[in-house]
Amino acid sequence: MSPSESTIHQEVYKHFVDVGCCRTCCLRILGNRDKSSYKSVDESLKELGVQNDGGANEKDEDSHCNKLVKPNPCVGCLGLLQKPYSDSLINEIIRGANISEYDAKTFNVSMNLPSCYLLRSEALLVELRKHFPAFYEKNFDGQALLSLKDAFKACFGHQLGDTLSLTLDLSSGFVIDVEFRYDDDQEECKPLCSLRPDIFTRHYVRKNGYTKNRIESILDTLDCDEFSKTFQVPPLIPSQVIKIVKVTLARESTNVAGRYNKYCRDLPQTPWLLNGERKMESSVEELISGPIVALLRGTSSKFASSGREDVDVRSLGRGRPFNVEVLMPKVAALQFDQLRALEKEITEKSEGKLKVRDLQIVARESLVTLKQGEEEKTKEYTALCFCPDGIPDTLEGAVARAPLVLDQSTPIRVLHRRPVAVRQKEILEMSVTRLEGDAQKFILNLKTQAGTYIKEFIHGDFGRTKPSFGDLLGGAKVDILALDVTDIALDWPPRVSCDDVQSNGKH
Ligand SMILES: [Zn+2]
């Protein structure tokens, strides 16, 4: 750095200390955007050639411990980045963040700051431009100061992390949310209403306040002179320090995926409510989600699966892929053994109705596969069918008609929740197994496109599915006694254990 550069740094620094900036804000004004240099502001100022020559605010800030007089709150950050105020703010955040129940290793801080800091930052830049135009051109030229949020995290993130035994990670799903308040915020923003009455109408301000994105869009269009006419340049010394209103913790959802088998014919997939009353005691969703939410200590959950089976349909084979999104979990990481124990717990609590496997924590992005699978993948079924008038000789000929395309009108039984439409669905493969000594019952094995209504294909749904299996049999009457899903061709989530897949194909 040339001597002339340190001289100008010193001059800028001196000017803004006199204006009422804290040392950290001076570093911002000196154009430093390297976050790592905010860990030690004094060092970084020294590197820029700034000498501590004892400006009024600076001296107080330096020796606040020995003095009863506290410095004026900084005009740029309202005390947020300024000792001794920053120390008490950080202590307050630490006291407010009750993290002991969470298993987090990393954290991020989300800050809701008063809107007026945007105006104050802009006022500092206008001041800089007015007094040090060449320096401004070289170091800013349309760019903003390092934001208060970034500066705060850069200054105190490691300190917060050390105290909380967490690592600051800007992409962490565990967030300490801090809401700040500055009593004069409204007052300082008020000139925006007369400046742009079209944007900050009285109605808008009453409803939404002085929203930051609107302020930013106004500032983008203002030049220095226009700004100076409306707002204080340099900004006035704040009457009080910024305060913390609330510290809350937020955590992104944890997704626990797996596959389930359903071995009974009296369990709905989701809680079955009719006019607000339960029709059945339990559901697949509740039996699976309950133990998962309890272990992760979440507030609630959302269940999703690759399609769904009717209450009286079993789900065999490797099972149906599902995901439980646990909201606000306190526990977000589970070990392999914990997941296996959880599978066992769900299976045991269901008293033989369910079995869960391949339980694992998955990334949110991978849930796309679950949704796609619901639409696109093939499914295999085994149906026990019944011909009251006896099985016609055309049975083998009928199954040889596959592959074939059906026109399926929305089934009567789901009309109350699905719009009326005719959907084309494909039966890809069919095969038949006759039961020895039985002239009326047979087993039909089907492989179909996802979303095909199997029961309706077999009995015809009063002509709403064309052709029906009865049509293929030459108009014979055929009904379905029992249906099992035997395979869902979706290789998600990845297999975890090589446990035996119970075929359990008895009807
Ligand atoms: Zn400051």
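Position numbers for residues start from 1 in each chain and track the written sequence from start to end. In keeping with the predicted nature of the model, local features appear solely for residues at pLDDT of at least 70, side-chain atom pairs appear and are counted solely at 80 or more, and the whole-chain, interface and lining totals rest on all residues. The basis for every side-chain value is the complete set of heavy atoms in the structure, and neither hydrogens nor water enter the calculation.

Student: How should the UniProt feature "domain: Pus10 N-terminal eukaryotes" (unreviewed entry) in the protein chain be read in this particular structure?
Tutor: Sequence positions flagged by UniProt for "domain: Pus10 N-terminal eukaryotes" (unreviewed entry) are, in local numbering, residues 74-246. Secondary structure across residues 74-246 divides into 50% helix and 12% strand, with the first and last C-alpha atoms of the span separated by 22 Å. UniProt positions are given in the numbering used here, feature names are shortened, and annotations may be inferred rather than shown by experiment. Numbering of helices and strands starts at the N terminus; helices are DSSP runs of H or I of at least 4 residues and strands are runs of E of at least 2.

Student: What should I look at first to understand the coordination of the zinc ion in this one?
Tutor: By definition of the ideal shapes, four donors in a tetrahedron about a metal sit 109.5 degrees apart, and six donors in an octahedron sit 90 or 180 degrees apart. Around the zinc ion, the protein contributes the donor atoms C22 (SG), C25 (SG), C74 (SG) and C77 (SG), at 2.2 to 2.3 Å from the metal centre. Bound by four donor atoms, the zinc ion shows angles of 103 to 114 degrees at the metal and therefore tetrahedral coordination geometry. Coordinating donors are taken as N, O and S atoms within 2.8 Å of the metal, stretched to 3.2 Å for Na, K and Ca; because water is absent from the atoms, sites can appear incomplete. As a motif over one chain, the donors of the zinc ion read C-x2-C-x48-C-x2-C. Under the classification used here, a metal with four donors is tetrahedral if each angle lies between 85 and 135 degrees, square planar if opposite donors are over 155 degrees apart and the others between 65 and 115, a six-donor metal meeting that same test is octahedral, and anything else is irregular.

Student: It is not clear to me how the layout of surface pockets should be interpreted in this structure. Could you clarify?
Tutor: Unoccupied space between atoms shows up once a probe the size of one water molecule is rolled over them. Taken as a whole, the largest pocket encloses approximately 1200 Å³ of empty space. Looking at the largest pocket, it is lined by 40 residues, and the ones nearest its centre are R308, D310, R417, R418 and Y453. For the lining of the largest pocket, the secondary-structure elements that each account for two or more residues are β6 (273-274), β8 (300-305), α16 (367-376), β11 (378-386), β13 (422-434), α18 (454-459) and β16 (479-488). Boundary definitions for the domains trace back to an automatic or database domain assignment. Each of domain 2 (254-375) and domain 3 (378-488) contributes no fewer than three residues to the lining of the largest pocket. Forming the boundary of the second largest pocket are 22 residues, of which E122, L125, A144, L219 and D220 lie nearest the centre. Mapped by element, the contributors of at least two residues to the lining of the second largest pocket are α6 (116-131), α12 (212-221) and α13 (224-230). Looking at the lining of the second largest pocket element by element, the count peaks at seven residues for α6. Lys, Arg, Asp and Glu make up the charged group, whereas Ala, Val, Leu, Ile, Met, Phe, Trp, Tyr, Cys and Pro make up the nonpolar group; the residues left over, Gly among them, are polar. Looking at side-chain class alone, the lining of the second largest pocket contains twelve nonpolar, four polar and six charged residues. Buriedness of a pocket was judged along seven lines, with at least five required to meet protein on both sides within 12 Å; pockets are open sets of points on a 1 Å grid over the protein atoms alone, cavities are sets where a 1.4 Å probe fits but cannot get out, and lining residues have an atom within 4 Å of a point. Grid points are joined across faces, edges and corners, and a volume is the space filled by probe spheres set on the points.

Student: Hey, could you run me through the sheet that holds strand β1 (residues 106-112) in this one?
Tutor: Strand-to-strand pairing in sheets goes through backbone hydrogen bonds, with the strands running parallel or antiparallel. Note on pairing: DSSP must find at least two bridges between two strands before they are called paired. In space, the four strands of this open sheet follow the order β2-β1-β3-β4, with mixed pairing throughout. Edge positions in the sheet fall to β2 (167-168) and β4 (243-251), since each has one partner strand and no second. Where β1 and strand β3 (residues 174-181) come together, five bridges link them in parallel fashion. Its bridge partner lying in β3, N108 is registered against V175.

Student: Honestly, the nonpolar core in this entry has me stumped. Any pointers?
Tutor: Where a protein is soluble and globular, its nonpolar side chains tend to be buried together. Side-chain atoms within 4.5 Å are what join buried Ala, Val, Leu, Ile, Met, Phe, Trp, Tyr and Cys residues into a set we call a nonpolar core. Partly exposed describes any residue whose relative accessible area lies between the buried limit of under 20% and the exposed limit of over 50%, with all areas from a 1.4 Å probe on protein chains only and scaled to the type maximum. F16, L80, L81 and L128 are the most contacted members of the largest nonpolar core, which totals 83 residues. With nine residues, α6 is the single largest residue contributor to this core. Residue contacts are counted whenever heavy atoms from the two residues lie within 4.5 Å of one another. Apart from residues lying up to four places away in sequence, F16 is in contact with C21, C26, I29, L124, E127, L128 and F132. L395, L404, V478 and L483 belong to the second-largest nonpolar core, a separate cluster that totals 34 residues.

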